[in-house]
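# Architecture and fold: a report
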Amino acid sequence: MKTINPATGKIIKEYDEMSFDEVDEIIQKANAAQADWKQTGFEERGSYLNEIAGILREQKEELGKLMAEEMGKPLQQGIGEAEKCAWVCEYYAEHAGEFLKDDPVQTDASKSYVTFNPLGVVLAIMPWNFPFWQLFRFAAPALMAGNGAVLKHSENTTGCALKIEEIIHEAGIPKALFRTIVRDKSNMKEVIQHQGIAAVTLTGSTRAGKAVAAQAGEMLKKTVLELGGSDPSIILKDADVKASAETCVNSRLLNSGQSCIAAKRFVVVEEVYDEFLAEFTALMEARKVGNPFDDNTDVGPQARVDLRDQLHEQVQESIKNGAELVMGGEKPEGDGAFYPVTILTNVKPGMPAYSEELFGPVASIIKVKDEEEAIQVANDTNYGLGASVYSQDVEHAEEIAATKLEAGCCFVNDFVKSDPRLPFGGIKNSGYGRELGLYGIHEFVNTKTVYIK
């Protein structure tokens, strides 16, 4: 198993895949450690999480460089990701006890209440695009709830996976309680179905989610799936066009366009379409694609060459079917997995740019006649992760976000983002279950009724 620098195409390091016997031993020891861990209190668990947060902040420069090297994330964005991981650790260290306290319920019993017990050892199958954040937004609540964890990370971010394990152990968490396994994704069924794995969480593609859900379902194991998205942003006729365009460009190019919740389809009513397109194009043209270690770089390489090539095929297929290329759309020659900032217009149903997730710096601009059509187009997708609406009539935009958009996270006058304080997840082909907030920590506990006559 190799990690490859996507900016240069050079091999960083090679790793030996673990045998199933090695993985089996890790899972068995994790269960033994979890049996002790669940007896600890929230204050003790929280002290370890706060220690993890401190290490993440101390090492944020190093971690940013590791992300830049393994998956091409612009350096400053990687540093910011490490800081956000520290935040989620501190958040759950402070609030887990409150979120999981016994909930009394008045019944005919002399006493009845709901209590929350950990499930056991949870398998986390994580992607490369936010290699630290995706893991810690699961691990912080899972560990605070009393669970153990086994991490199977994307092969191209194996260095990040092992570094996460090192940080958690350095903070004092029992070594057996949290382990990283080095395993090819094609060899995961027997791990998912291992009797020592109580539940599975996956962040990744819809295809991967279906496979994991089916394999876990055979053993009746709980799953939480955060999958892809083709997130719409609606620009209404009364929007602040300049501000909206800037926010939309920031959303589309976050993490070099490789974000499940990045805005991908921009649905613009015809009254402001020309103005929005002009503002959006000027801002996209100003963004620099280049070396992720350069502080002036806005967009780094795509994480792998095969992913870049797949994105290019989606763009070319859309153009072949009638989409108009405003800028970009040409695969650069030379080393690395770079792809230019790209805008497509005249995007229609049946094109990849309309119906598929374009995981890179490609924006689809769709003109509609009015608000009603904008909502219809926004919801015309098999995905349902995030959506946003831009309008100066905030009360009306809130109504659209709250009642008319079909997605798990709906934002007004801002781009969709994850926040430790708010639940995060999707519907339809974007998955099920929630991470973060109160609802996220409740995913991997046994919600138990206790009744005393």
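Residues numbered from 1 in each chain as written. Predicted model: local features only at pLDDT ≥ 70, side-chain atom pairs only at ≥ 80, totals over all residues. Heavy atoms only, no water.

### A closer look at the overall build of the chain
For clarity, the threshold we go by: Numbering goes from the N terminus for both helices and strands, where a helix is a DSSP run of H or I of at least four residues and a strand is a run of E of at least two. The reference for a compact globule is 2.2 Å times residues^0.38; the radius of gyration itself is calculated from the C-alpha atoms. Burial classes follow relative accessibility: with a 1.4 Å probe on protein chains only, a residue under 20% of its type's maximum area counts as buried, one over 50% as exposed, and anything between as partly exposed. What makes two residues a contact is simply this: any of their non-hydrogen atoms within 4.5 Å. For the accessible areas, the method is Shrake-Rupley and the probe is 1.4 Å, while residue cover comes only from the protein chains on display. Positive residues here are Lys and Arg, negative ones are Asp and Glu, while His and the chain termini are left out of the count. Charged groups are reduced to one reference atom each: NZ for lysine, CZ for arginine, CG for aspartic acid, CD for glutamic acid.
Within the chain one finds 15 helices and 18 strands. Scaling as 2.2 N^0.38, a compact globule of 453 residues should have a C-alpha radius of gyration of about 22 Å, and the chain matches this with 22 Å. Based on the C-alpha atoms only, the size of the chain along its principal axes is roughly 65 × 60 × 40 Å. Taking all 453 residues of the chain together, the buried fraction comes to 57%. If you take every contact in the chain between residues at least 6 apart in sequence, the share linking residues at least 24 apart comes to 73%. As displayed, the chain offers around 18,800 Å² of accessible surface, 47% of which is attributable to carbon and sulfur atoms. With 46 positive and 69 negative side-chain charges, the chain shows a separation of 4 Å between the mean positions of the two kinds.

### Points about the state of the cysteines
This is how it is decided: What counts as a disulfide here is a pair of cysteine sulfur atoms lying within 2.5 Å.
This model, assessed by the stated rule, comprises zero disulfides. Left without a disulfide partner, Cys85 is nearest to the cysteine sulfur of Cys89, which lies 7.0 Å away. Judged by its relative accessible area of 0%, Cys85 falls in the buried class. Unpaired in terms of disulfides, Cys260 finds its nearest cysteine sulfur in Cys409, a separation of 11 Å. For Cys260, a relative accessible area of 8% gives the class buried.

### A closer look at the sheet that holds strand S5 (residues 121-125)
Threshold: A pair of strands is labelled paired if DSSP reports no fewer than 2 bridges between them.
Spatially, six strands are ordered S7-S6-S5-S8-S9-S17 in an open sheet, and the strand pairing comes out mixed. Sheet topology places strand S7 (178-181) and strand S17 (431-432) at the edges, where each strand pairs with a single neighbour.

### Details of the pattern of salt bridges
Heads up, the condition is: The term salt bridge refers to a side-chain nitrogen of Lys or Arg lying within 4 Å of a carboxyl oxygen of Asp or Glu.
This model, assessed by the stated rule, comprises 22 salt bridges. The closest approach of N and O atoms between Arg179 and Glu165, which form a salt bridge, is 2.9 Å. Taken together, the residues Arg179 in strand S7 and Glu165 in helix H6 (residues 158-170) connect sequence positions 14 residues apart. The exposure class assigned to Glu165 is buried, which follows from its relative accessible area of 13%. Each of Glu62, Lys163 and Glu166 takes part in one network of salt bridges that share partners.

### A word on helix H5 (residues 133-144)
To keep things clear, this is the line we draw: In this analysis, the expected span of each helix is defined as 1.5 Å times one less than the number of residues it contains.
With twelve residues, H5 extends 17 Å from end C-alpha to end C-alpha; this agrees with the ideal 16 Å at 1.5 Å per step. Burial runs high along H5: twelve of the twelve residues are buried. Turning to H5, its buried residues are Trp133, Gln134, Leu135, Phe136, Arg137, Phe138, Ala139, Ala140, Pro141, Ala142, Leu143 and Met144. Note on H5: the residue one or two positions beyond its end, Gly146, has a positive phi of about 100 degrees.

### Here we look at the nonpolar core
Condition: The term nonpolar core refers to a set of buried residues drawn from Ala, Val, Leu, Ile, Met, Phe, Trp, Tyr and Cys, joined through side-chain atoms within 4.5 Å.
In this structure, Ile52, Leu56, Tyr92, Phe132, Leu135, Phe136 and Phe138 are the most contacted members of the largest nonpolar core, which totals 65 residues. Per-element accounting of this core gives the leading share, ten residues, to helix H4 (residues 75-99). Residues in contact with Leu56, not counting those within four places in the same chain, are Leu63, Ala82, Cys85, Ala86, Cys89, Phe136 and Ile167. Counting residues in hydrophobic clusters, the runner-up holds 52 residues, among them Val347, Ile400, Ala407 and Phe415.

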